[in-house]
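# Commentary on secondary and tertiary structure
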Amino acid sequence: MSALCDPSGPPGPPASPAPPPLSAQELWQEVRAFLSGADPVRGQQLSAREHARCALLLLRCLPPARHAALDHLRAVFDEAVAAHLAQLDGAGAGAGGEPAGLAEVLQEAQATLAEFVRANPRAWAPAVSAWAIELLGQLSSKYAGQQQRVPHAAGLNELLQLWMACRATRALLDIYTQCLAAMIGLCPDACVDALLDASGRHSPHFDWVVAHIGSAFPSTIISRVLSCGLKDFCAHGGAPPGDTSAPDKRVPKIASVVGILGHLASRHAASIRHELLRLFHESLGPGRDPTQAAAVPFLLQLAAMSPLLLATVSGELVEALKPSVLNQLQQHLAGRPREELENMLNMAVHLVCQTSAGAYRLLQFLLDTAMPASVITPPGLAVHDGVREACDRLVQLLLLHLQKLVHGRGGAGPGDPVRPPPPRPVPFLEELRGHVRELCVETLRLERKRHLWLHQLLGLLALYGGPSCGPEAMCHLLTLARGQEELALAAQLHAVLSACVADLLPATAHRCVLQIHAGALPEPHAAQLLRNLALLAQWEAEGSAGLGAQLGAALAQHLHDLGQLLLHCSPEVAEAAALLLSVCPLPRALRPAHLFVTVRSAALQFFLALRRRSPAGLGYSERLLARLSAVSPAAMKAVLQLLVEGALHRGNAELFGGRPEPPSDEVEGVRLSLLDGNRRFTAAVTFGGGVWSVFHAGVIGHGLKPPVAPPQQEPEEAAHNAQRFLSLLLRCCRGGRYAPADAARPAAINPEAAKAVAAALVEAVCPDAAGGELGWPPEEQARGTVERDLRIGRHFREHPLLFPLLRLVAAGPPALCYCSVLLRGLAATLVAHWEASRDPDTASSPWHLQASCALVSCLAEGSLLPPVLGNMQELFPELAPFEVRLLLLAAWGYLRDHGPLPQKFVFQPERGVFARDFARDGDAGRYLAVLHSVLHKNIDRLGLLSGRFQT
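Quantities reported herein were computed from a predicted structural model and do not represent experimental measurements. (Residues numbered from 1 in each chain as written. Predicted model: local features only at pLDDT ≥ 70, side-chain atom pairs only at ≥ 80, totals over all residues. Heavy atoms only, no water.)

## Describing the confidence of the model for the protein chain
Just so we agree on the cut-off: A residue's pLDDT is simply how confident the predictor is in it, with values from 0 to 100. Any pair of residues with heavy atoms lying within 4.5 Å of one another is described as a contacting pair.
Of the residues in the protein chain, 78% have a pLDDT of 70 or more, and the chain-wide mean is 79. Every residue in residues 239-251 is under pLDDT 50, and counting partners more than four places away or in other chains gives 26 contacts. Contacts of residues 739-746 to residues separated by more than four positions or lying in other chains number twelve contacts, the stretch itself having pLDDT below 50.

Right, dumping it as C-alpha cells:
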C-alpha cells in the first residue's frame, strides 16, 4: 500500500496531464475507498459509477496504481457488455438496459486513456493497446455462443455488426485504434504484436476485431496476419494430404487468416494481392528461411479455402509467373517428397477449376507452358523441361477433373429422388462460356497435343453450357474450318455430343442460317460456312443415320432461308449457297411459295454465274435447278418458265449471241418514251389501222438514236453458253436426269415439259397472243397481224437462241402446236421478205435463209409437216428468193388445211411418245406441185435431190 502512495515507487509511465490538485490526505482517502469499495468518511458502499470514477482518479493522479485501476476498469467493461447482451436477449428489458451511470463511466475512461496516449504515445500506447486488445479478446471468447444474439458460427460481418453496436466494445476498439495510429509512424510492432497474440489466444472469436482494425490499417495488418498464419502453418505441419477444402484441426490459425483476409478483400483487394504475391516471390528468393519454404503450400491452402482470395490474386497471377519465376519455383520444389508434390498438383487443379476471373488467360498460360511454340525461344524466356512436364500433367489432370465435375453434375439427391438438386457450378467453365470462338480458333490450329486438349475442353464446355453452347461451338468450327482435316474436328465434336445433347444438328443448322442472315459473319466466313456445310452434308451419304444424312435433313428445313442467299450481294456467298442447296436433300413437304422463290433465285443465280464466267458457280446452279425440276410437275414448269424468260430477257441476250439491251432514251436527264408520246399525240384523233395513220417518231432537234452496240460476247463463247443453257433445259425437261443434248437432233423429251417451254416461249416473245387459237389462218387474214408478225420476226433476229428452243420443243410432240403463233409470225415475215427481195440468190440474205431453213426443219421435227415437205429446206440455198417464197407458201397451205392441233397426235405406248400419221390427212401430192416445178426448173443443179421429194 505504501508502494502505491510512495511517489518514489517503481518507475512507470510519466504522469498524466495535470489532474485536479489533491492533497496527500485526499489522495490517501481515494486509495482507501478504491481498495475497500466504501466511502471512508461516511462508511457507505460505493456505487459502481463512484467506484469506477475513483479508479479513473487514481489512474490520473497516481501512476503506480495504473495496473490496479485498469484491472478494475476491465470489470466495468465486462459488466457493460453483459448488460448489453442481456438487453438484446430480453432479460434486461425490465432493468432499463445498462446500469445507471455506466455509459458516462465508459466515456470518461475512454477520454482519460485517449488523453494519456495523446500526451505521450511512446510510453502509454503499448500498455494501453495491450490492455484494450486483450480485454476485447477475453470478452469475445467469454460471450461467444453463450448468448442467443452471439451465435458461435456467425460470420465476421454479423459479429462485427453485433459487437460494434455495443458501447463498451466500440470504446475499446477506438482506444486501440488511437494507440496504433499514434505508433504507426514510430514503432507499431508492440501494438501489432499484442493484436496477433490476442488473436492467437482467442481465435476464431477474436477475428472480427482483427478484421475491423485491418480495415483501418490494411498494409500493416495484412502483412502481419499472413506472417503469423505462415508461422503457425509451419509449426503444425500444414494441411493433411489430399485435403483441399477444409483446414486441418492442428492448424487453428489458418481459418482465422482466411476469415480476416476475406473480410478485408472487399475494400483492400489490391493490398492483399500485393502481400500475397510478395510472400510468394520472397519464398523463391535465395536467402529464404525455413518458414518461407512453406509459403507455396500455405498460399495454395489459403486459396483453396477462400474463393474470394483466389479471385483476388488470380487476375495477376499469370503475369507474375514469368519463365524465370517458374524455373525458380521448379528448383524450389525439386527436393520435396513425391506425395507432397502430388498433393500440391491436385490442389492446383482444384484451384484452376474454381478460378473465374481471367480463366481464359490462365488456360492460355497453361497450354503455352505445357506445349511451347515451335519457334526458337530466347534463353532467358525458356522454361525448363521439368516445368513443361509438370504443366503438361497439370493440364491432363485438369481435363480429367473437369470431366468428373461435368458428368457428375445434377442427379437426384438422397433426400429427394424425384427432383434433382441444382447443378453445381464450375467457375472455370462458367468463365470460358464467353470464349467459345477463341477456343475454336485455337483448336483449328492443329498444334500437336494442344488441339486435342482444346477439343476435349470444347466438348466438356458444350455439355456444361446448356442447350445453346453445343450448337455455338459447332457453328464456330464449321465457320472457321479450312480443309478436310479441320472440318473433321466438327464431326468429332458431334460424335462426342450427339449422345448427350438433344437436337444438336437442327439447332446448329438454325444457328448457322441465322448468323448468315443477321450479317454477323464477314462475307468470306459466310461463304466458308456454307461450303463446309455442303461438304459435311455429303459425308456418309450412304448411311441413313450418318452425320451427312442428319445434317442434310436439318438443313432441308431451312430451304427458304438458304434460297434467299442465292441472291446475296457477294458472289462468293451466292455460289456457296448454290453448292449447299445442290447437295442438300429437299424436304418432302415444301410450300409452293417457298419453292417458287427458291426456283426464281436459282434461275437468276444461273444467269449471274454465266455473266461472271464462273464454271464452279454454273455447275452448282445447274445441279440445283435440275434437282428442283424433279420435285414435282409444278416445280418443273416453274424452272422451265423462268429459264426461258431469263434467257430471252434483253439483259441476258448478249450472253447467247443476241443484241444487248439498248440504251435508255433520255434527253437532258429526262427519260422519253415513244409509246407514251404516241398515246398523247393520238389521244384526240381516231385513226384506222391503214397506211395513212400518223405516228409520233421522236423529238426534233436531238438527232438519230445512238446505234446499237455490237455484241461483246465472242461467237465461240456465245455458242458455248447456248449449248450449256440448252443442256440444262433438256435436263430439267427430263426431270433432272442428265443426258447431253445433241445439237443435230435432241432426243425425245416429256411432252408436258416441252409444252411448258412452248408456253414460256410464247409468253416471252408475244405475250398478247398467249393462249390464242392454234389454227393456221388463211394468207389473207395474216395481213391484219403484220405488226405482231414484224415484232415476232424481230425477236427471232435479236435472239438466236429462239431457234434451238423451238427445236427443243419440237422434240416433244405435240408441244410445237402451242408455238403456232410464233411459227405463223415468223413464216409471214419470211414470206414478205422473200417477196420483196430483188436479189438474184438467197445468199444475199443470210439470216433470212438460215431462218427459213430452221423454220421448215422445226416444222418437220415437230411433225407439223410431212417429211416430204420438211425436206425442202435442203433446196433453199440453191434457189432464188421468189422460189423460196413459193415453197414457203406451199408449206403455209398445208398448215392452213391441216392445222397444227394436238388432237392429230396419237400416243404410241410401245415407243412412249406421241406421233402423227400423215396418211390420215390425205394425199400430200397437191402441195408438192410447186416443189416439183422448182425442181424441174433447176434440174441441172438439183436433180440428185429429186428422189427425196417423191410421195
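## Details of helix α23 (residues 469-480)
Filter applied, for reference: Secondary structure is summarised from DSSP: a helix means a run of H or I of at least four residues, a strand means a run of E of at least two, and numbering begins at the N terminus for each. By this rule the span expected of a helix is its residue count minus one, scaled by 1.5 Å. Per-residue accessibility, obtained with a 1.4 Å probe over protein chains only, is compared with the maximum for each type, and a residue is labelled buried under 20%, exposed over 50%, and partly exposed between these values.
In this model, α23 (twelve residues) spans 17 Å end to end at C-alpha, consistent with the 16 Å of a helix rising 1.5 Å per residue. Counting buried positions along α23 yields twelve of twelve residues, so the element is predominantly enclosed. Buried within α23 we find Cys469, Gly470, Pro471, Glu472, Ala473, Met474, Cys475, His476, Leu477, Leu478, Thr479 and Leu480. Buried residues belonging to α23 abut α21 (436-443), α22 (448-464), α24 (484-497), α25 (504-517) and α26 (523-537).

## Considering the nonpolar core
Nonpolar side chains tend to gather and get buried jointly when the protein is soluble and globular. Going by this rule: What we call a nonpolar core is a set of buried Ala, Val, Leu, Ile, Met, Phe, Trp, Tyr and Cys residues that are connected through their side-chain atoms within 4.5 Å.
Counting 284 residues, the largest nonpolar core has Leu643, Phe725 and Leu761 as its most contacted members. Apart from residues no more than four positions distant in its own chain, Leu761 is found in contact with Val644, Leu648, Cys766, Leu802, Leu805, Leu806, Val809, Cys819 and Leu822.

## Here we look at the pairing of strand β4 (residues 913-916)
What counts, and what does not: Here a strand pair is declared whenever DSSP counts at least two bridges between the two strands.
Direction of pairing for strand β3 (residues 905-908) relative to β4: antiparallel, over a ladder of four bridges. Note on β4: the bridge partner recorded for Phe905 is Arg916. The antiparallel pairing of β3 with β4 creates a hairpin that spans four residues between the two strands, and Gly912 there sits at a positive phi of about 70°.

## A look at the side chain of Ser863
Relative to the assigned elements, Ser863 resides in the loop between α39 (846-861) and α40 (867-870). Overall, Ser863 belongs to the buried group, its relative accessible area being 17%. Leaving out residues up to four positions away in the same chain, Ser863 has contacts with Phe905, Arg916 and Phe918.

## Regarding a nonpolar patch on the surface
So the rule is basically this: Patch membership requires over 30% relative accessible area and the absence of a salt bridge. Like charges are linked within 9 Å, and nonpolar side chains (Val, Leu, Ile, Met, Phe, Trp, Tyr) within 5 Å. Residue-level accessible areas treat just the shown protein chains as cover; the underlying method is Shrake-Rupley with a 1.4 Å probe. The working definition used for a salt bridge is a side-chain nitrogen of Lys or Arg within 4 Å of a carboxyl oxygen of Asp or Glu.
A cluster of nonpolar side chains, namely Phe882, Leu886 and Val930, defines an oily patch on the protein surface of about 220 Å² accessible area. If you trace the backbone, Leu886 turns up in helix α41 (residues 881-897).

## Overview of the packing of α23 against α25
For clarity, the threshold we go by: Axis definition: a line fit to C-alpha positions, over the contact stretch in the case of helices; interaxial angles, taken between N-to-C directions, run 0 to 180 degrees. In these notes the angle categories are as follows: under 35 degrees is roughly parallel, over 145 is roughly antiparallel, 65 to 115 is roughly perpendicular, and the rest is oblique. We call a crossing left-handed when the near helix sits turned anticlockwise from the far one by less than a right angle, and right-handed when that turn is clockwise.
Remark: α23 packs on α25, axes separated minimally by 9 Å, with the N-to-C direction vectors making an angle of 55°. Judged by the angle between their axes, α23 and α25 are oblique. Between α23 and α25 lies a crossing whose hand is right-handed. Contact residues: Gly470, Pro471, Glu472, Met474, Cys475 and Leu478 in α23; Leu504, Leu505, Ala507, Thr508, Arg511, Cys512 and Gln515 in α25.

## Notes on unusual backbone geometry
Backbone phi values are negative for most residues with the exception of glycine, while trans is the configuration of most peptide bonds. A cis amide bond, omega 5°, links Pro813 with the succeeding residue Pro814. With respect to the helices and strands, the residue Pro814 is situated in the loop between α37 (802-810) and α38 (820-836). Of note in the backbone geometry, Asp503 takes a positive phi value of approximately 55° without being a glycine. Its place among the elements puts Asp503 in the loop between α24 and α25. Judged by its relative accessible area of 59%, Asp503 falls in the exposed class. Within the chain, Ser863 stands out as a residue other than glycine whose phi angle is a positive 60°.

## Overview of helix α5 (residues 102-119)
Helix length check: α5, at 18 residues, gives a terminal C-alpha distance of 26 Å against a target of 26 Å (1.5 Å per residue), a fit within 8%. Among all positions in α5, only Leu102, Val105, Leu106, Ala109, Thr112, Leu113, Ala114, Phe116 and Val117 are buried.

## Considerations on the pattern of salt bridges
Throughout the structure, instances matching the rule amount to 23 salt bridges. Arg450 is the partner of Asp368 in a salt bridge, and the nearest nitrogen-oxygen pair spans 2.9 Å. Here Arg450 lies in helix α22 and Asp368 lies in helix α18 (residues 359-370), a separation of 82 residues in the sequence. Since its relative accessible area comes to 40%, Asp368 is described here as partly exposed. The shortest N-O distance in the salt bridge between Glu447 and Arg450 comes to 3.8 Å. A residue is classified by how much of its surface remains accessible, and Glu447, at 36% relative accessible area, is partly exposed. Taking the relative accessible area as the measure of exposure, Arg450 reaches 6% and is therefore buried.

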